[in-house]
Amino acid sequence: MKVALIQVPIESIEYPSLGETYFPDAPFPMYDFLSHEQNQIKIWDFTQTPFQVQRFLNELKEFQPVVIGISDDQTGNGLIIQTILKQFFPRTLVFYKAGKMTANELLNKANES
């Protein structure tokens, strides 16, 4: 299963005007949940690198995660990113945590859903 874990930036971000909702070419990849293949986890840590919305969305489109975890250190930026993600990835499970989320926590939440 492809899993993305996002640590949101500490500095303030604004909700961008991004246009239409993105729908992947393939249907919801339920086979990812049923597969016995090892999970692929990609982490974006925007506390360490600048947050550029369009570049980030392009990277996510290329990765095509089934599950996305948002880790927010109580900045409120996680809610903005969650709104953007649900607009562009409506079929993806998105989990939000105020505070630090580990990859294991995210995988456990995904498996419980």
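Use the structure listed above.
Fair warning: this is a prediction, and the values are worked out from it, not measured in the lab.

Asks: How would you explain the environment of T102 if you had to name every residue and give the values?
Replies: Mapped onto the elements of the fold, T102 is located in the loop between β4 (93-98) and α4 (103-112). On a C-alpha basis, the gap between T102 and G69 in space is 9.0 Å, while along the polypeptide they are 33 residues apart.

Asks: Pulling in residues and values, what's your account of helix α3 (residues 77-88)?
Replies: Two residues of an α-helix separated by three or four positions point the same way, owing to the 3.6 residues in each turn. Between its first and last C-alpha, α3 extends 17 Å over twelve residues, near the 16 Å set by a 1.5 Å rise per residue. All buried positions along α3 are accounted for by N77, G78, I81, I84, L85, Q87 and F88. In this structure, the buried side of α3 is in contact with β1 (2-7), α2 (53-63), β3 (67-72) and β4.

Asks: Tell me about the nonpolar core, and name the residues and values.
Replies: Of all hydrophobic cores here, the largest spans 20 residues; its most connected members are I6, W44, F56, L60, I68, I81 and L85. At the level of secondary structure, the elements contributing two or more residues to this core comprise β1, α2, β3 and α3. Among residues more than four places away in sequence, those in contact with L60 are A4, W44, P65, I68, L85 and F89.

Asks: So what about the pairing of β3? Which residues, and what values?
Replies: The element β3 is extensively covered by neighbouring structure, given that six of its six residues are classed as buried. The pairing of β1 with β3 spans five bridges and is classified as parallel. Counterpart to V3 in the pairing with β3 is V67. Alignment of β3 against β4, held across six bridges, turns out to be parallel. Its bridge partner being in β4, I68 is matched across the sheet by V94.

Calculation rules
- Residues numbered from 1 in each chain as written.
- Predicted model: local features only at pLDDT ≥ 70, side-chain atom pairs only at ≥ 80, totals over all residues.
- Heavy atoms only, no water.
- Helix = DSSP H or I, 4+ residues; strand = E, 2+ residues; numbered from the N terminus.
- Expected span 1.5 Å × (residues − 1).
- Buried < 20%, exposed > 50% of the residue type's maximum accessible area, 1.4 Å probe, protein only.
- Contact = heavy atoms within 4.5 Å.
- Core = buried A, V, L, I, M, F, W, Y, C linked by side-chain atoms within 4.5 Å.
- Pairing = 2+ DSSP bridges.

Just distances and angles here, no functional claims.
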